[in-house]
Amino acid sequence: MGMIQEVEKQVQLIEEEIARIRTVDEGGVLSSMMKQLEEQKKELKSSYKKKLTAWDRVYLSRHPSRPKAKDWMEFLFEDLYYLHGDRYFADDKTVIGGLAFFDGIPVTVIGTNKGRTLEENVKCNFGMSNPEGYRKALRLMKQAEKFRRPVVTIVDTPGAYPGTGAEERGQGEAIARNLMEMSDLKTPIITMITGEGGSGGALALSVADEILMLENATFSILSPEGFASILWKDAKLAHKAAEQMKMTAGDLHDLGLVDAVIEEEIAFHKEDFRKTMRQGKKVLGAALKKMMKLSDEELVERRYEKYRKIGRIEGINSGI
């Protein structure tokens, strides 16, 4: 059992004991014991963060209790009105999006959504979009540009769907077109990576002016399992791959890819995620206000420079 799973189990046992005491302690005689257990739980939740490895964060980014893109959208935005279809083939249930308000600001919001149950995950294709999902996202982004609405994308996907049908309908072209169009989109683009940010499936919604990332989210070219299988021919070395891939929020912030890291509490408790969501809303608001002050020309130029500088080591000329 990994460290996170052990902490999860211990916190659950403490919470079960607190619930049991509340049931039997009608007069409040055991209130001091409950307070002690609450303090123990708090200490346990704060101390685990200092010991997290990259592989632990991969586990947390995939945790089934994490809020999905739809949860984030319905928390962050008001008057959310969903739009459907790519006007070419179908409506991909994985990519959801529409019109909304953020603190009175009209925005277009797009997210890659996962399900909570097996049935929901099948409906959402386990967060892996087909090309029509990326084409729907692009349709909404171009509409946002026309009406001068900022675009907010919420990313939580293991990657684009690699099936035969998706390839036949132009999966690679759909992703590439999004990259090209987003690089020159004349309206602010803010991306929030809330869980997994995997491969081209994530990148197709992440060519943004500001990338915000949850502390226990990940963003990488492929999964650690895939990396280990290619490099060492052994998927069981995924934990080693995660450390070398620099896929965590802290690493990516140091490299200049991520602009802000949103602090998280323990990842599998709803009350802690409400705190995280409130923090995320604050960071998103600051990023939106900053980007909306820029002209179209300044936005595009700044975006170009941002991606030219990513990963550049000062003092070393790469020759590119």
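The structure under discussion appears in the preceding block.
Residues numbered from 1 in each chain as written. Predicted model: local features only at pLDDT ≥ 70, side-chain atom pairs only at ≥ 80, totals over all residues. Heavy atoms only, no water.

**Q** Looking at this model, I keep getting lost on the packing of aromatic side chains. Mind explaining?
**A** Ring pairs (aromatic) are described by centroid distance and by the angle formed between their planes. Summed over all chains, the structure comprises two aromatic pairs. One cation-aromatic arrangement involves Lys240 over Trp232; the distance from NZ or CZ to the ring centre is 4.5 Å. (Phe/Tyr/Trp six-rings, centres within 6.5 Å; stacked < 30°, edge-to-face > 60°. Lys NZ or Arg CZ within 6 Å of the ring centre and 35° of its normal.)

**Q** Teacher, can you tell me more about a positive patch on the surface here?
**A** Taken together, the side chains of Lys42, Arg274, Lys275 and Arg278 define a basic patch exposed on the protein surface. When residues in the positive patch are grouped by element, the largest group, three residues, is from helix H13 (residues 270-292). Tracing the chain through its elements places Arg274 in helix H13. (Patch = residues over 30% accessible without salt bridge, like charges linked within 9 Å, V, L, I, M, F, W, Y side chains within 5 Å. Areas by Shrake-Rupley, 256 points an atom, 1.4 Å probe, with all protein chains shown as cover. Salt bridge = Lys/Arg side-chain N within 4 Å of Asp/Glu carboxyl O. Lys, Arg positive; Asp, Glu negative; His and termini not counted. Charge placed at Lys NZ, Arg CZ, Asp CG, Glu CD. Helix = DSSP H or I, 4+ residues; strand = E, 2+ residues; numbered from the N terminus.)

**Q** Help me out: how do you make sense of a nonpolar patch on the surface in this one?
**A** A contiguous nonpolar patch, built from Leu118, Val122 and Phe126 and spanning about 310 Å² of accessible area, is present on the exposed surface. Following the sequence through the fold, Phe126 ends up in the loop between helix H5 (118-123) and helix H6 (131-146). Given the relative accessible area of 40%, Phe126 is considered partly exposed. (Buried < 20%, exposed > 50% of the residue type's maximum accessible area, 1.4 Å probe, protein only.)

**Q** For this particular structure, what's the right way to read helix H8 (residues 171-183)?
**A** Since there are 3.6 residues in each turn of an α-helix, residues three or four apart along the chain are aligned in direction. Relative to the 18 Å expected for 13 residues at 1.5 Å per residue, H8 spans 19 Å between its end C-alpha atoms, a close match to the ideal helical length. Within the sequence span of H8, burial applies to Gln171, Ala174, Ile175, Asn178 and Met182. Projected down its long axis, H8 carries its buried residues within an arc of 95 degrees, all on one side. Buried positions along H8 lie against H6, helix H7 (164-168), strand S5 (189-198), helix H9 (199-203) and helix H14 (296-309). (Expected span 1.5 Å × (residues − 1). Arc of directions from axis to C-beta. Contact = heavy atoms within 4.5 Å.)

**Q** Would you explain the pattern of salt bridges in this entry?
**A** Where charged atoms of side chains with opposite charge meet at close range, the side chains can pair. Summed over the entire model, instances satisfying the criterion amount to 22 salt bridges. The partner of Glu78 in a salt bridge is Lys281, with the nearest N and O atoms 3.9 Å apart. One end of the pair, Glu78, is in strand S1 (residues 78-83); the other, Lys281, is in helix H13, with 203 residues separating them in the sequence. On the accessibility criterion, Glu78 (29% relative accessible area) is partly exposed. Put simply, Glu145 and Lys142 hold a salt bridge, and the shortest N to O gap is 3.1 Å. Taken together, the residues Glu145 and Lys142, both in helix H6 and three residues apart, mark about one turn of the helix. Exposure remark for Lys142: the relative accessible area of 34% places this residue in the partly exposed category. Residues joined in a network through salt bridges with shared partners are Arg135, Lys142, Glu145, Glu173, Arg177 and Glu181.

**Q** Sorry, what's going on with the nonpolar core here?
**A** In a soluble, globular protein the nonpolar side chains are often hidden away together inside. Grouped together as the largest cluster of nonpolar side chains are 52 residues, with contacts concentrated most on Phe77, Leu212 and Leu284. Element by element, the count of residues in this core is highest for H13, at seven residues. Excluding anything up to four places from it in sequence, Phe77 contacts Ala100, Phe101, Phe102, Val107, Val109, Val152, Ile154 and Leu284. Residues Ala54, Ala228, Ala241 and Ala242 belong to the second largest nonpolar core, which totals eight residues. (Core = buried A, V, L, I, M, F, W, Y, C linked by side-chain atoms within 4.5 Å.)

**Q** It is not clear to me how helix H3 (residues 54-61) should be interpreted in this structure. Could you clarify?
**A** Taking burial as the measure, the eight residues of H3 include six buried ones, the bulk of the element. Ala54, Asp56, Arg57, Val58, Leu60 and Ser61 are the residues of H3 that are buried.

**Q** Hey, could you run me through the environment of Ala166 in this one?
**A** As for its placement among the helices and strands, Ala166 is situated in helix H7. Setting aside residues up to four positions removed in sequence, Ala166 forms contacts with Asn130, Pro131, Tyr161 and Gln171.

**Q** Honestly, unusual backbone geometry in this entry has me stumped. Any pointers?
**A** Negative phi is the rule for most residues except glycine; trans is the rule for most peptide bonds. Not every positive phi belongs to a glycine, and Arg87 is a case in point at roughly 65 degrees. The topology assignment puts Arg87 in the loop between S1 and strand S2 (95-102). Classification of Arg87 as exposed rests on a relative accessible area of 62%. Positioned with a positive phi, Asn125 is a non-glycine residue whose angle comes to about 55 degrees. Inspection of the secondary structure assignment puts Asn125 in the loop between H5 and H6.

**Q** Just checking my understanding: could you explain the packing of H6 against H8 for this structure?
**A** When two helices pack together, their arrangement is given by the angle between the helix axes and the distance between those axes. At a minimum axis separation of 8 Å, H6 and H8 run at an interaxial angle of 20 degrees. One finds that H6 runs roughly parallel with respect to H8. As H6 packs across H8, the resulting crossing turns out to be left-handed. Here H6 contributes Pro131, Tyr134, Arg135, Ala137, Leu138, Met141 and Lys142 to the contact with H8, which in turn contributes Gln171, Glu173, Ala174, Ile175, Arg177, Asn178, Glu181 and Met182. In terms of residue class, the contact of H6 with H8 is built from eight nonpolar, two polar and five charged. (Axes fitted to C-alpha atoms, helices over the stretch in contact; angles between N-to-C directions. Parallel < 35°, antiparallel > 145°, perpendicular 65-115°, else oblique. Left-handed = near helix turned anticlockwise from the far one by under 90°. Nonpolar A, V, L, I, M, F, W, Y, C, P; charged D, E, K, R; others polar.)

**Q** It is not clear to me how the environment of Thr191 should be interpreted in this structure. Could you clarify?
**A** Here Thr191 lies in strand S5. As a C-alpha pair, Thr191 and Ile175 span 16 residues in sequence and 16 Å in three-dimensional space. Look past the residues within four positions of Thr191 in its chain and what remains in contact with it is Thr153, Val155, Leu205, Ser206, Ala208, Glu210, Ile211 and Leu212. A polar contact of 2.7 Å, which involves the side chain of Thr191, links it to the side chain of Thr153. (Polar contact = N/O pair within 3.5 Å; in protein donor to acceptor, adjacent residues only side chain to side chain.)

These values are about where atoms sit, not about what they do.
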